[in-house]
Amino acid sequence: RKEVEQDPGPFNVPEGATVAFNCTYSNSASQSFFWYRQDCRKEPKLLMSVYSSGNEDGRFTAQLNRASQYISLLIRDSKLSDSATYLCVVHPGGYNKLIFGAGTRLAVHP
Amino acid sequence: EAQVTQNPRYLITVTGKKLTVTCSQNMNHEYMSWYRQDPGLGLRQIYYSMNVEVTDKGDVPEGYKVSRKEKRNFPLILESPSPNQTSLYFCASGTSYNEQFFGPGTRLTVL
C-alpha cells in the first residue's frame, strides 16, 4: 500500500465548477500535511498547509480528518489557470522528509 | 531573486558515464533534498541534507551520491548511470523539510 494515495484523475471540469480532491495516508503518526501544485513540466510549489481545524485561502479550502487519515482540497469557482496536478504531501513524523502522493490532474475547460 | 537553480536542465547520456547535476540555492536554507519523479510514482526522495556535511539517505538512494560542502550547493552524482535512472530530478531547499522550494528540474535520459 502506498503511504499517500490519490485518485490520479484527470478531473475535467468547466470553468466555475467546484471540484474536490481526496487523499489518504497510511501512517497514523503523520504530523504535517500540505497541498502542492505542479504545472506541466514544472516544479512543484506549495499551495497551502492543511490544519486540523481546516483552513481556507481564497477559493481553496483544505480539510484534515485524522481519524480517517484523510485530507481533502476543495476548489470553488474553478479558473482555467487552476489546471495543474495537485500533490498531497505528508510529513510522516520522526523523519526529516516529506512523502508525496502521485498527484491528481485537474483540467479546467471553457 | 530567491531561487533554487539546477544544471543541466536536460541531459542525455550513456550507461556508465559518470555525471553530476548541480543544485544551488541563494536563500541560506539549511535543508536541501533531491527527488526523482516518475509517472505514477510521484516524487521520491533520493538524499537529503540537514546542514553542511550532514547528509542522509532518502527512500531511493541506490546508484546516487551527494555531498554538502557548502550551505548553498548540493550536487547529485551518478557514478555509473543506468537506464533505470532515466527520470525527472528535482532539487529542493527549505528552512526545514516542512516547506520546500523546488528547482526547475533536470530531465535525464540514460541510453
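Preceding block: the structure.
The rules behind each value
Residue numbers restart at each chain and count upward from 1, following the sequence in its written direction. Whichever chain is written first becomes A and whichever ligand is written first becomes 1, with later ones labelled in order. Local features in this predicted model are restricted to residues whose pLDDT is 70 or higher, and side-chain atom pairs enter the listing and the counts only when it is 80 or higher, whereas totals over whole chains, interfaces and linings include all residues. Side-chain figures throughout are based on the complete set of non-hydrogen atoms in the structure, without hydrogens or water. The criterion used for residue contact is that any of the two residues' heavy atoms lie within 4.5 Å. Note on definitions: salt bridges are taken to be side-chain nitrogens of Lys or Arg within 4 Å of carboxyl oxygens of Asp or Glu. Polar contact is defined as a pair of N or O atoms within 3.5 Å, subject to the rule that within protein one atom must be able to donate a hydrogen and the other to accept it, and that residues adjacent in sequence are counted only when both atoms are side-chain atoms. Think of it this way: any DSSP run of H or I at least four residues long counts as a helix, any run of E at least two long counts as a strand, and we number them from the N terminus. Polar here means any residue other than Ala, Val, Leu, Ile, Met, Phe, Trp, Tyr, Cys and Pro, which are nonpolar, and Asp, Glu, Lys and Arg, which are charged; Gly is therefore polar. Count a disulfide wherever a pair of cysteine sulfur atoms falls within 2.5 Å. Residue burial is assigned from relative accessible area. The probe radius is 1.4 Å, only protein chains are included, and a residue is buried under 20% of its type maximum, exposed over 50%, and partly exposed in between. Surface patches are defined over residues having more than 30% relative accessible area and no salt bridge, joining like charges when they lie within 9 Å and nonpolar side chains (Val, Leu, Ile, Met, Phe, Trp, Tyr) when within 5 Å. Each accessible area is a Shrake-Rupley result for a 1.4 Å probe, and residues are judged covered by the shown protein chains and nothing else.

### Some points on the interface of chain B and chain A
Alright, step 1. Between chain B and chain A, the contact holds 20 residues from the first and 20 residues from the second.
Alright, step 2. Between Asp59(B) and Lys97(A) there is a salt bridge whose closest N-O contact spans 2.5 Å.
Alright, step 3. Scanning the region where chain B abuts chain A turns up four residue pairs in polar contact (both at pLDDT 80 or more).
Alright, step 4. For the side of chain B that touches chain A, the secondary-structure elements that each account for two or more residues are strand 4 (31-38) and strand 5 (42-51) of chain B.
Alright, step 5. Of all the elements, strand 5 of chain B adds the most residues to the side of chain B that touches chain A, at five residues.
Alright, step 6. Counted by class, the side of chain B that touches chain A contains ten nonpolar, seven polar and three charged residues.

### Let's talk about the state of the cysteines
Alright, step 1. For the coordinates displayed, the defined rule picks out two disulfides over all chains.
Alright, step 2. Between the sulfur atoms of Cys23(A) and its disulfide partner Cys88(A) the distance amounts to 1.9 Å. On the sign convention where negative is left-handed, the bridge of Cys23(A) and Cys88(A), at about -75 degrees about the S-S bond, is left-handed. Residue Cys23(A) is located in strand 3 (residues 19-25), and its partner Cys88(A) is located in strand 9 (residues 84-91); the two are separated by 65 residues in the primary sequence.
Alright, step 3. Given a relative accessible area of 1%, Cys23(A) falls into the buried group.
Alright, step 4. Look at Cys88(A) and you get buried, because its relative accessible area is 0%.
Alright, step 5. The disulfide partner of Cys23(B) is Cys91(B), and the S-S distance across this bridge is 1.8 Å. One disulfide, between Cys23(B) and Cys91(B), carries an S-S torsion of -70 degrees and so falls in the left-handed class.

### Here we look at a nonpolar patch on the surface
Residue and element names in this part refer to chain B.
Alright, step 1. On the surface, a cluster of nonpolar side chains totalling about 320 Å² of accessible area is made up of Ile12, Val14 and Leu111.
Alright, step 2. By the element assignment, valine 14 lies in the loop between strand 2 (10-13) and strand 3 (19-25).
Alright, step 3. According to the relative accessible area criterion, valine 14 is partly exposed, its value standing at 45%.

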